[in-house]
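Coordinate analysis (summary)
Each chain is listed here by its residues.
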Amino acid sequence: MAVGTYFSGKKTARMTFNLMKELNLVIILYISLISMLSVWGIVSKQDALSLVNRAGALPMETWKNLVLGVGFYICLLILLTITTSNMWAFLGKTTLEIILGSMICFILHLGYKGIIFLIMADAIKYVQDNIKRARVIAVLGIVYLMIDARIVTLVYPIVPLETMWLFYDSHQVAVLMLVLSILTTLNLFCFIAYIVSMFLNQMSERKRIMTLFRELEAKNEQLIMQSKELEVATQVKERNRLAREIHDTLGHSLTGITTGIDACVMLMDIAPEATKQQLKAIAEVARQGIKDVRRSINALRPDALEHTNLKQGLQQMIEETSRSTGVEIVFNCSLELAIFSPDEEDIIYRIVQESITNGIRHGKATHIDVNICREFNNLYIAVLDNGIGCKDPKKGFGLHHMEERLQMLNGELTYSGENGFEIHAKIPIRWGGGENS
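Residues numbered from 1 in each chain as written. Predicted model: local features only at pLDDT ≥ 70, side-chain atom pairs only at ≥ 80, totals over all residues. Heavy atoms only, no water.

Let us now look at the nonpolar core. In globular proteins that are soluble, nonpolar side chains generally tend to be buried together. Judged by nonpolar contacts, the single largest core of 53 residues is most densely connected at Tyr30, Ile31, Leu76, Ile115, Leu140 and Trp165. Those elements giving two or more residues to this core turn out to be helix 1 (2-44), helix 3 (62-81), helix 4 (87-107), helix 5 (115-123), helix 6 (130-148), helix 7 (161-164) and helix 8 (170-267). Per-element accounting of this core gives the leading share, 10 residues, to helix 1. The residues contacting Ile31, other than those within four sequence positions of it, are Leu108, Tyr112, Leu161, Trp165 and Leu180. Ile339, Ile347, Ile372 and Met402 belong to the second-largest nonpolar core, a separate cluster that totals 37 residues. (Core = buried A, V, L, I, M, F, W, Y, C linked by side-chain atoms within 4.5 Å. Buried < 20%, exposed > 50% of the residue type's maximum accessible area, 1.4 Å probe, protein only. Helix = DSSP H or I, 4+ residues; strand = E, 2+ residues; numbered from the N terminus. Contact = heavy atoms within 4.5 Å.)

Structure, rendered in structure tokens:
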């Protein structure tokens, strides 16, 4: 609403200013033509001597008045179209306008001074401060009063307009003066309307700026709140991510270590050499677990994926787990798994790793099958073990984190503990790679 009022006020001010320019041209032509016709009439009656006697001076040829009046006014209109960007340019422009306006008033025998209102209307456009505007109006008001008081006639004789219209009788002069008074009043009304519209524009603009400022403050507060919420959500997400990473790495490594140590206890007396080999494998798993923990804390990918691709990383993790725990793990994958982004690779790796860890830790499995295949635009992961299973499996930390990871990729997780334990994951392939199942 305020914006509409603002632009409507600017249009009104512009239209009023243009109307003032047209009215002043009409008044200049009106006075010049009436005066010229009067002088021609006096000359035709051979009564020029009476005009000179009453005027006290020889007036300028009326056709020159017309040409000079219109010429000076055209120069003034050109000045009115020039915009200024600094105070000195504004002062220079306004001074030239005052000089031209005063010369037009002199040419019109000081019978019209409304041209000063046009100059005043132009000047206040460039001054936004109310005090400075008042100063501009005061200066131009003094110029108007000096012209109205005919101070210039003290040093330069100017023939009054009433004397120039000596050819007409009193009734005709009254009518001519009435027309001039109407045109002058219209010019004054236009000036008042222009001033009012300018001040209304200023008020509307201030209101619009305040409205925009309040909206900006509200948006800023909203952004601050959203930023705080995002910061909290990011912290929670990062804590959950670190919890999942540490759980996956430590849980997987510790499961392999405890299972391997249990096997060493049984082998220690009957097969010392095999026990040594088993302990070496356990030590390697422990060292790898330490690396994974460090990289998880530093927000990096699993160490296996830092130096190789996804498929080789899974094979390496499965072989190390099998050596350290003695559990037989069969890995079946006909894909190269080279069509996934890093975040997808991390999640696939962690799903397989956590599934194997759960099978060994909770299911006491001795054999695990890991199958990965693709059907259409979905990747399927199936991890099956021969452990003790669970008829009513409850979602623990591992399963919960697997679901969270899959949700990031719009994937799905299903599981069953009827015959051993089975975990099935479906992941939509986002990048549309060229491999087929």
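Back to the write-up after that little detour.
In this section: unusual backbone geometry. The phi dihedral of Leu110 falls on the positive side, at around 60°, and the residue is not glycine. By secondary structure assignment, the location of Leu110 is in the loop between helix 4 and helix 5.

Right, let's talk about the confidence of the model for the protein for a bit. The predicted coordinates ought not to be read in detail in places where the model reports low pLDDT. Looking at the protein, pLDDT values average 80 and 83% of them are 70 or higher. Throughout residues 1-7 the model reports pLDDT below 50, and contacts reaching past four residues in sequence, or to other chains, amount to seven contacts. (pLDDT = per-residue confidence, 0-100.)

With burial as the criterion, only one face of strand 1 (residues 328-333) is covered, namely that bearing Ile329, Phe331 and Cys333; the residues Glu328, Val330 and Asn332 on the opposite face remain uncovered. Where strand 1 lies against strand 2 (residues 367-375), six bridges are found, and the strand directions are parallel. Counted as the bridge partner of Phe331 is Val370 from strand 2. Traced from strand 1 through helix 12 (residues 342-361) to strand 2, the parallel crossover comes out left-handed. (Pairing = 2+ DSSP bridges. Right-handed = clockwise from strand over helix to strand, strands pointing away.)

All told, the structure shown has five salt bridges when counted by the stated rule. Between Lys113 and Asp148 there is a salt bridge, with the nearest N and O atoms lying 3.3 Å from each other. Separated by 35 residues along the polypeptide, Lys113 in the loop between helix 4 and helix 5 and Asp148 in helix 6 bring together distant segments of the chain. Taking the relative accessible area as the measure of exposure, Asp148 reaches 42% and is therefore partly exposed. Among the salt bridges present, the one from Lys125 reaches Asp122, with a minimum N-O distance of 3.5 Å. Taking the relative accessible area as the measure of exposure, Lys125 reaches 30% and is therefore partly exposed. When its relative accessible area of 0% is taken as the criterion, Asp122 is described as buried. The structure contains a network of salt bridges with shared partners spanning Lys93, Glu97, Asp122 and Lys125. (Salt bridge = Lys/Arg side-chain N within 4 Å of Asp/Glu carboxyl O.)

With that settled, consider the state of the cysteines. Counted by the stated rule, this structure contains zero disulfides. Looking at the unpaired Cys373, the closest cysteine sulfur is the one in Cys333, lying at 8.8 Å. (Disulfide = S-S within 2.5 Å.)

Reading across from one edge, 1-2-3-5-4 is the order of the five strands in this open sheet, with mixed pairing throughout. The strands lining the two open edges of the sheet, one partner per strand, are strand 1 and strand 4 (412-416). Neighbour-to-neighbour, the strand axes of this sheet turn through a mean angle of 10°, independent of strand direction. By the bridge criterion, eight bridges tie strand 2 to strand 3 (residues 378-385) in an arrangement that is antiparallel. (Axes fitted to C-alpha atoms, helices over the stretch in contact; angles between N-to-C directions.)

So, on to a nonpolar patch on the surface. A cluster of nonpolar side chains, Leu178, Ile182, Leu186, Leu188, Phe189, Ile192, Val196, Leu200 and Met203, forms an exposed patch at the surface whose accessible area comes to about 830 Å². Looking at where Ile192 falls in the secondary structure, it is placed in helix 8. (Patch = residues over 30% accessible without salt bridge, like charges linked within 9 Å, V, L, I, M, F, W, Y side chains within 5 Å. Areas by Shrake-Rupley, 256 points an atom, 1.4 Å probe, with all protein chains shown as cover.)

This structure, assessed with the given rule, holds five aromatic pairs. Relative to Phe421, the ring of Tyr415 has its centre 6.4 Å away and its plane inclined at 15°; by these criteria the two rings are stacked. Under the relative-accessibility criterion, Phe421 is labelled buried at 16%. (Phe/Tyr/Trp six-rings, centres within 6.5 Å; stacked < 30°, edge-to-face > 60°.)

A word on the environment of Arg323. Position of Arg323 relative to the elements: it lies in helix 11 (residues 310-325). C-alpha of Arg323 to C-alpha of Gly260: the two residues are 63 residues apart in sequence and 8.5 Å apart in space.

Turning our attention to the pairing of strand 5 (residues 421-428). Note on strand geometry: in a regular strand, side chains alternate between the two faces of the sheet. Burial along strand 5 is one-sided: the face carrying Phe421, Ile423, Ala425 and Ile427 is buried and the face carrying Glu422, His424, Lys426 and Pro428 is not. Pairing geometry for strand 3 and strand 5, over eight bridges, is antiparallel. When the bridges of strand 5 are listed, Asp385 appears paired with Phe421. With five bridges joining them, strand 4 and strand 5 adopt antiparallel strand pairing. Across the sheet, Tyr415 pairs through a bridge with Ile423, a residue of strand 5. Here strand 4 folds back onto strand 5 in antiparallel fashion, the turn holding four residues, of which Gly420 has a positive phi close to 70°.

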